[in-house]
Amino acid sequence: MNLRVRALVSMIGVFLLLPALGGTARATSAGDVVEARATTVYLAPGRLLEVPVKAWHLRYRSTSATGEPNVVSGTLLVPAAPYPLGRRPVVGYAVGTHGLGDQCAPSAAMAGGTEAELAIMSLMLLKGWAVAVTDYEGLGTPGDHTFMAGLSQGHAVLDAIRAAVRVPDANLSGAAPVVVMGYSQGGSSAAWAAQLQPSYAPELRLRGVAAGGVPADLRAVADHLDGTGDFGLAAAAGLGLDAAYPELRLESHLTPEGAALFGDARDDCVSDLRAKLGGRRLSELTTTGVLDLPEWRARLAENRLGAAAPKAPLFLYHAKGDEIIPYELGRTLRREYCARGANVLWTGLPAGSHVLGAVEGAPLAVAWLATRVAGLPAIGDC
């Protein structure tokens, strides 16, 4: 599908979404709810082990990487029991990489009982916090998923929180304490939310952001993954940036084989991306050094984290044995944030892989976020 057709499909999709909820069809600002539909989420496939929460599938207004209005989907989870300590805290939860097709969206996975990260979300639900989970731009809504386009992802996280407090039946307050958490793609999204919040969503009472396994420098990650079994993740990021920035024109730089492989990947989930593209190199599938083209260099630089210091305290964590996102990228992000005056607490995890880093880091991150919700001082180690 060429860029003009993709753009037209996206525009048509947005207009079709507007009438979905009568009272909110005129939503025009970021965070406004277009649709809030009651749903059920499950911990196991086959609609087994229903999660005992009130849940809504959301469609809400957000902003693209280029500043254009869009509509993003997500899921809001609210514990059924009253919150005994005042206003119920709201978490903006950013999931890790799921894939590029709509069927990969977290909302679809939660409805089908296949969302592994519900185990992490449950740690927060058990504390009585509401959890707003974005699907990100183009994942569950018309158009291509803008995978790893940092501004789009950060906006989607912040606007999911805004939308959550605007769902009438959820009984959440815009004055509630807010925290953000994510790992991998979600770690990038969480860090972007932290950087963008002071200017984009200053009304949110953001107490802290926990970001793990952060792919802070996309060019460095792409170089690291080239030729490995996880090259499909780098290819997906190329497709995501191309979807976010029309001037990149990725299709015009692909060989016939590259065009076929990248075109086929546009609706794949993670397992298929790895299976179909594992071991390949970008140079085999392109006609030029794409990442060195001026327009690509500019957008990659724009999507590099660390150029601005978040105002909210940060908990950054990274597995020392991370084979997908090099450990040094996390250490570099920490140094850059610290140099700019951010309040950062850093933890290098003994985990021997990227996935184990998520498992080891999640309880530490949630415990740290709990201290932020409680209003305790944030002690950094810059």
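Presented here is an overview of the structure given in this document. (Residues numbered from 1 in each chain as written. Predicted model: local features only at pLDDT ≥ 70, side-chain atom pairs only at ≥ 80, totals over all residues. Heavy atoms only, no water.)

Quick look at the pattern of salt bridges
If charged atoms from side chains of opposite charge come close, those side chains can pair. Considering all chains together, one arrives at 23 salt bridges under this definition. Note that Arg335 and Glu328 form a salt bridge whose closest N and O atoms lie 3.0 Å from each other. Overlapping salt bridges bring together Arg219, Asp223, Asp292 and Arg297 as one network. (Salt bridge = Lys/Arg side-chain N within 4 Å of Asp/Glu carboxyl O.)

Quick notes on the nonpolar core
Membership of the largest hydrophobic core comes to 120 residues, with the highest contact counts inside it found for Leu76, Leu77, Tyr93 and Met181. Top contributing element to this core by residue count: helix H7 (residues 231-244), with nine residues. (Core = buried A, V, L, I, M, F, W, Y, C linked by side-chain atoms within 4.5 Å. Buried < 20%, exposed > 50% of the residue type's maximum accessible area, 1.4 Å probe, protein only. Helix = DSSP H or I, 4+ residues; strand = E, 2+ residues; numbered from the N terminus.)

Quick word on the environment of Glu328
Considering the arrangement of structural elements, one finds Glu328 in helix H12 (residues 327-339). Under the relative-accessibility criterion, Glu328 is labelled partly exposed at 37%. For the pair Glu328 and Leu277, spaced 51 residues apart in sequence, the C-alpha to C-alpha distance is 25 Å.

Looking at helix H6 (residues 218-225)
When H6 is considered as a whole, its buried residues turn out to be Leu218, Val221, Ala222 and Leu225. The arc that holds the buried residues of H6, viewed along the axis, is 100 degrees, so those residues lie on one side. Buried-residue contacts for H6 involve H7, helix H11 (294-302) and H12. Among the residues of H6, the N-terminal cap falls to Asp217, whose side-chain oxygen and the backbone nitrogen of Arg219 are separated by 3.2 Å. The positive-phi residue at the C-terminal boundary of H6 is Gly227, with phi of around 85 degrees. (Arc of directions from axis to C-beta. Contact = heavy atoms within 4.5 Å. Polar contact = N/O pair within 3.5 Å; in protein donor to acceptor, adjacent residues only side chain to side chain.)

Considering the sheet that holds strand E6 (residues 90-94)
Pairing in this open sheet of nine strands is mixed, and the strands run E1-E4-E5-E7-E6-E8-E9-E10-E11 from one edge to the other. With one partner strand each, in any of the chains shown, strand E1 (33-39) and strand E11 (344-349) form the two edges of the open sheet. With direction set aside, neighbouring strand axes in the sheet form an average angle of 20 degrees. By the bridge criterion, six bridges tie E1 to strand E4 (residues 53-63) in an arrangement that is antiparallel. Counterpart to Glu35 in the pairing with E4 is Arg59. (Pairing = 2+ DSSP bridges. Axes fitted to C-alpha atoms, helices over the stretch in contact; angles between N-to-C directions.)

A short note on unusual backbone geometry
Of note, the phi angle at Tyr136 is positive, near 75 degrees, even though the residue is not glycine. Along the chain, the position of Tyr136 falls in the loop between strand E7 (130-134) and helix H4 (150-164). The phi angle at Arg249 is positive, at roughly 50 degrees, despite the residue not being glycine. Of the residues examined, Arg249 reaches a relative accessible area of 46% and is grouped as partly exposed.

Side note on the state of the cysteines
Considering all chains together, one arrives at two disulfides under this definition. Between the sulfur atoms of Cys104 and its disulfide mate Cys269 the distance is 2.0 Å. Because the sign of the S-S torsion sets the handedness, a value of about -100 degrees for the bond joining Cys104 and Cys269 places this disulfide among the left-handed ones. With Cys104 in the loop between E6 and helix H2 (106-112) and Cys269 in the loop between helix H8 (256-265) and helix H9 (270-277), the pair connects residues that are 165 residues apart, well separated along the chain. Side by side, Cys104 and Cys269 carry an identical accessibility label, which is buried. Across the disulfide from Cys338 sits Cys382; the S-S distance is 1.9 Å. (Disulfide = S-S within 2.5 Å.)

Everything listed is a geometric property; what it means functionally is a separate question.
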